[in-house]
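Structural overview
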Amino acid sequence: MTEVEVWWGRIEQVRDEFADDLDPVERGRYAAYVRADDKARFLLGCTIVRRLLANRLSLPAASIRLDRTCPECGKPHGKVRADGAELSVTHSGDLVGVAIGDRPVGLDVEKVDPGLDVDGLARISLSEAELAALPRNGERAREFTTYWTRKEAVVKATGDGLRADLRTITGPPAGFQLVELEVDAGYVATLAVMSPEPPGVRTRSAQVLI
Ligand SMILES: CC(C)(COP(=O)(O)OP(=O)(O)OC[C@H]1O[C@@H](n2cnc3c(N)ncnc32)[C@H](O)[C@@H]1OP(=O)(O)O)[C@@H](O)C(=O)NCCC(=O)NCCS
Ligand SMILES: [Zn+2]
């Protein structure tokens, strides 16, 4: 069975010195974030990825070589790639998640925003059937966001990102599995894994890495 580990960190776990382990490309992106929260989420994502791989390889975190080259434009803002592991990074609100396995993975977490423009977003991202099934009550934002994380997890696993038309992704594509993950109240998260059978999923706290 395919095994995937999903590691969760929280924004308050970030310390400035984590930036010492970033490579020049990451330093450039880190410096370019204007908002402190965006900076912290990015740094924590980089740190979890680096420390996971460093532990596996018994190497210093700073020596891990990561490639984020975007297949569309060549800039370093694409999916994180490393030798010997498949990875996916996600952030929202206070949470940062990293999935690691030996087959392509896509992880997406979203903080549920009760004030979300569900109708506007649903038109561009849901199929007719999904739109019709969306509840009209107070669960509407949460249900929509769950659909959204499922679709994002798929496009992050395939590497297509938002190039894909989310309206056409109404379940796992052939050869992929979707797993809804338990996260903090007020958040929803989905993991997509390229696997013929449901994966084993181990959830871990990033605290032990930090
Ligand atoms: C990445 C994306 C799929 C999800 O983004 P999101 O839900 O807003 O944000 P998340 O925090 O869940 O995910 C961001 C992470 O996804 C990863 N990612 C970026 N592009 C990705 C892709 N094509 N496939 C898989 N993962 C991707 C990165 O690791 C990124 O985190 P990091 O940069 O801190 O390492 C979406 O924003 C996207 O497709 N962006 C690209 C859109 C675009 O126009 N890009 C320009 C192309 S030139
Ligand atoms: Zn690009």
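Described below are features of the structure shown in this document. Here the structure is a predicted model, which is why all the values come from computation and not from measurement.

**A look at the packing of helix H3 (residues 118-125) against helix H5 (residues 140-158)**
Interaxial distance between H3 and H5 falls to 11 Å at its minimum, and their mutual angle equals 30°. Here H5 runs roughly parallel to H3, going by the angle between their axes. For the crossing formed where H3 meets H5, the hand is left-handed. Note on element contacts: H5 touches H3 through Arg140, Ala141, Phe144, Trp148 and Lys151, opposite Val118, Asp119, Leu121, Ala122 and Ser125. Looking at the contact of H3 with H5, its residues break down into six nonpolar, one polar and three charged.

**Observations concerning the packing of aromatic side chains**
Tallying each qualifying case throughout the model produces two aromatic pairs. On the numbers, 5.3 Å between centres and 45° between planes, the contact of tyrosine 33 with phenylalanine 42 is tilted. Residue classification places tyrosine 33 among the partly exposed positions, given a relative accessible area of 26%. The class of phenylalanine 42 is buried, set by a relative accessible area of 5%.

**Brief notes about the coordination of the zinc ion (ligand 2)**
At the metal site, the zinc ion (ligand 2) is ligated by Cys70 (SG), Cys73 (SG) and His77 (NE2), and these contacts range over 2.0 to 2.3 Å. Given four donor atoms and angles of 101 to 120° at the metal, the environment of the zinc ion (ligand 2) is assigned as tetrahedral. Mapped onto the sequence, the residues coordinating the zinc ion (ligand 2) show the spacing C-x2-C-x3-H. Cysteine 70 gets classed as buried once you look at its relative accessible area, which sits at 11%.

**Overview of the pairing of strand S3 (residues 95-101)**
Every other side chain in a regular strand lies on the same face of the sheet, so the side chains alternate between the two faces. Burial analysis of S3 places seven of its seven residues in the buried class, the great majority of the element. Side chains Leu95, Gly97, Ala99 and Gly101 of S3 all project onto a buried face; the interleaved residues Val96, Val98 and Ile100 project onto the opposite face, where all are buried too. Of the strand pairs in this sheet, strand S1 (residues 3-10) and S3 are connected by seven bridges, and their pairing is antiparallel. The residue bridging arginine 10 from the neighbouring strand is leucine 95, located in S3. Here strand S2 (residues 86-92) hands over to S3 after two residues, with glycine 93 in that stretch at a positive phi of 55°.

**A short note on the side chain of serine 92**
Here serine 92 lies in strand S2. Overall, serine 92 belongs to the buried group, its relative accessible area being 10%. Among all residues touching serine 92, those that are not within four sequence positions of it are Arg41, Val109, Glu110, Lys111 and Tyr187.

**Quick look at helix H2 (residues 36-57)**
What sets the pattern is the α-helix's 3.6 residues per turn: residues three or four places apart point alike. A rise of 1.5 Å per residue sets the reference length of H2, with its 22 residues, at 32 Å; its end C-alpha atoms lie 31 Å apart and thus fit the reference within 8%. Count one or two residues on from H2 and you reach serine 58, which has phi positive near 50°.

**Considerations on the pattern of salt bridges**
Within the structure shown, the criterion is met by 16 salt bridges. Of the charged contacts, one joins aspartate 38 and arginine 35 as a salt bridge, the two residues approaching to 3.6 Å between their closest N and O atoms. Judged by its relative accessible area of 23%, aspartate 38 falls in the partly exposed class. Each of the salt bridges in this network shares a partner with another, and the network as a whole consists of Asp23, Glu26, Arg50 and Arg68.

**Examining the sheet that holds S3**
Taken in spatial order, the four strands make up an open sheet running S2-S3-S1-S7, and their pairing is mixed. Edge positions in the sheet fall to S2 and strand S7 (200-205), since each of these pairs with one other strand and no more. Pairwise comparison of adjacent strand axes, ignoring direction, gives a mean angle of 20° for this sheet. Along the sheet, H2 contacts S1, S2 and S3; its crossing angle with S3, the most-contacted strand, is approximately 30°.

**Points about the site of ligand 1**
The immediate surroundings of ligand 1 are formed by 19 residues, with Arg29, Thr90, His91, Lys156 and Leu162 found nearest. At 3.5 Å from an oxygen atom of ligand 1 is found a main-chain nitrogen or oxygen belonging to valine 89. At a separation of 3.0 Å, an oxygen atom of ligand 1 approaches a polar side-chain atom of glutamate 152. Contributions of two or more residues to the shell around ligand 1 are made by S2, strand S4 (105-111) and H5. Per element, the largest residue contribution to the shell around ligand 1 is three residues, and it comes from S2. The class makeup of the residues in the shell around ligand 1 is six nonpolar, six polar and seven charged.

The rules behind the values
Residues numbered from 1 in each chain as written. Chains lettered and ligands numbered in written order. Predicted model: local features only at pLDDT ≥ 70, side-chain atom pairs only at ≥ 80, totals over all residues. Heavy atoms only, no water. Axes fitted to C-alpha atoms, helices over the stretch in contact; angles between N-to-C directions. Helix = DSSP H or I, 4+ residues; strand = E, 2+ residues; numbered from the N terminus. Parallel < 35°, antiparallel > 145°, perpendicular 65-115°, else oblique. Left-handed = near helix turned anticlockwise from the far one by under 90°. Contact = heavy atoms within 4.5 Å. Nonpolar A, V, L, I, M, F, W, Y, C, P; charged D, E, K, R; others polar. Phe/Tyr/Trp six-rings, centres within 6.5 Å; stacked < 30°, edge-to-face > 60°. Buried < 20%, exposed > 50% of the residue type's maximum accessible area, 1.4 Å probe, protein only. Donors = N, O, S within 2.8 Å, 3.2 Å for Na, K, Ca; no water. Tetrahedral: all angles 85-135°; square planar, octahedral: opposite > 155°, others 65-115°. Pairing = 2+ DSSP bridges. Expected span 1.5 Å × (residues − 1). Salt bridge = Lys/Arg side-chain N within 4 Å of Asp/Glu carboxyl O. Near = heavy atom within 4 Å. Polar contact = N/O pair within 3.5 Å; in protein donor to acceptor, adjacent residues only side chain to side chain.

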